Amino acid sequence: MPSYTLNTKLPVPALAYGTGTKWFKRGDSTSPISRDLVDAIKAALTVGVRHIDTAEIYNTEAEVGVAVREFLAENNGTVTRTDLYITSKIYPGLGDVDGTVRKSLELLQTEYIDLYLIHAPFLDRVANLPADYTISDAWRKLEAHHASGVLRSIGVSNFDLPHLDELVAGGSAVVPAVNQIEFHPLLPQPILRAGLTSRGIIAASYGPLVPLNNALETLQASEPGRAFLAALDAPAARLGVDRSAVLLRWNLDQGHIVVSTSAKVERVVQFLAIGSDKFALTASERDAISSTGAAADKLRKFWPTGRFQE
């Protein structure tokens, strides 16, 4: 399993099983437990996943907690909590950071969370905040929980460079360890990525398969789009895998944590396999995917484009 070392000097598995998108639950944390998700997480852990990604707003922290508890019990000490990595995120609860962190720990049934992120910097989408409340106010509260050891590493998600600069201006003492962003060849964001590198922040990618899941017909209908698909097809044929595997490996090759999900165990096995040298892309294949992706129509699926520089 490939891994990176965060600026906290702690390791993070590079491939994470996501419990948002497909698994997103309407309602709140009191909603009934989804046994389908619990079983899917346990199946993913059984085939080798060691990093689970969840969030307050997904309403799936409880399922992660149940799945991890059952998996560890069923493995009789051969796998322990320290072998697993849990990422969660806060957003609706930004007005009560302390209470939300406590609730996350309770739902996840854990004494600590490996990585805890502010899910987005857009406070206009969060209810019941004081008029003068800033993202730096929330960050300083997370810093206190990080100092206590309850949150081993802290970071952000969907932050652009001005949002990161706001943390610095607000007197933050801790540099975010991670910025989890929508990222794929149709949304390369070179300015943001260069800024993260210069600040010592690792990028995590969500939505790595957006080009295939949400734009395939559009890509097939244009010459630049067809060129991009051809750039995926060439290494797919050489390696004996599908386009999805190539896209995931390309994303990993950017030095990012990659978050993806599936209810099908065979797809999870394929996801883990992309970390193997057996499925390495050549430099020319990576470059072809990057250049043809950048030439195709830009696509941002998960937040309005106007909120970002790129």
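Look above for the structure.
Here's a quick rundown of the structure. (Residues numbered from 1 in each chain as written. Predicted model: local features only at pLDDT ≥ 70, side-chain atom pairs only at ≥ 80, totals over all residues. Heavy atoms only, no water.)

### Some words on the pairing of strand E10 (residues 257-260)
Heads up, the condition is: Exposed residues in this analysis have more than 50% of their type's maximum accessible area, buried residues have under 20%, and partly exposed residues fall in between, with area computed by a 1.4 Å probe over protein chains only. Where helices and strands are cited, they refer to DSSP runs of H or I of at least four residues and of E of at least two residues respectively, numbered from the N terminus. Paired strands, in this sense, are two strands between which DSSP finds at least two bridges.
Every second residue of E10 is oriented toward a common face, with Ile257 and Val259 on one face and Val258 and Ser260 on the other, all of them buried. As paired elements, strand E9 (residues 202-206) and E10 share 2 bridges and run parallel to each other. Bridging from a neighbouring strand, Ser205 pairs with Val258 of E10.

### A closer look at the pattern of salt bridges
For side chains bearing opposite charge, pairing can occur when the charged atoms are close. Where we set the bar: Here, a salt bridge means any side-chain nitrogen of Lys or Arg that lies within 4 Å of a carboxyl oxygen of Asp or Glu.
For the structure on display, the rule yields 15 salt bridges. The shortest N-O distance in the salt bridge between Asp39 and Arg35 comes to 3.1 Å. Linking Asp39 with Arg35, this pair stays in helix H1 (residues 35-46), spanning 4 residues, or about one helical turn. Lys42 is the salt-bridge partner of Glu74, the closest N and O atoms lying 2.8 Å from each other.

### Structural notes on the packing of aromatic side chains
For clarity, the cut-off: Stacked, tilted and edge-to-face are the three classes assigned to paired rings of Phe, Tyr and Trp, where Trp is represented by its six-membered ring and a pair needs centres within 6.5 Å; plane angles under 30 degrees give stacked, over 60 edge-to-face, the rest tilted. To sit over a ring, a charge needs its Lys NZ or Arg CZ within 6 Å of the ring centre and within 35 degrees of the ring normal.
The tally for this structure, following the rule as stated, stands at 5 aromatic pairs. With centroids separated by 5.5 Å and ring planes inclined at 10°, the aromatic side chains of Phe183 and Trp250 adopt a geometry described as stacked. Of the two residues, Phe183 sits in the loop between strand E8 (178-182) and helix H6 (190-199) while Trp250 sits in helix H10 (residues 243-252), which places them 67 residues apart along the sequence. With respect to burial, Phe183 and Trp250 carry one shared label: buried. An aromatic cluster is present here, built from Tyr91, Phe122, Trp303 and Phe308 joined pairwise through their rings. Just above the ring of Phe308 sits the side chain of Arg300; from NZ or CZ to the centre is 3.8 Å. It is Lys301 that lies over the ring of Phe302; its NZ or CZ is 5.3 Å from the centre.

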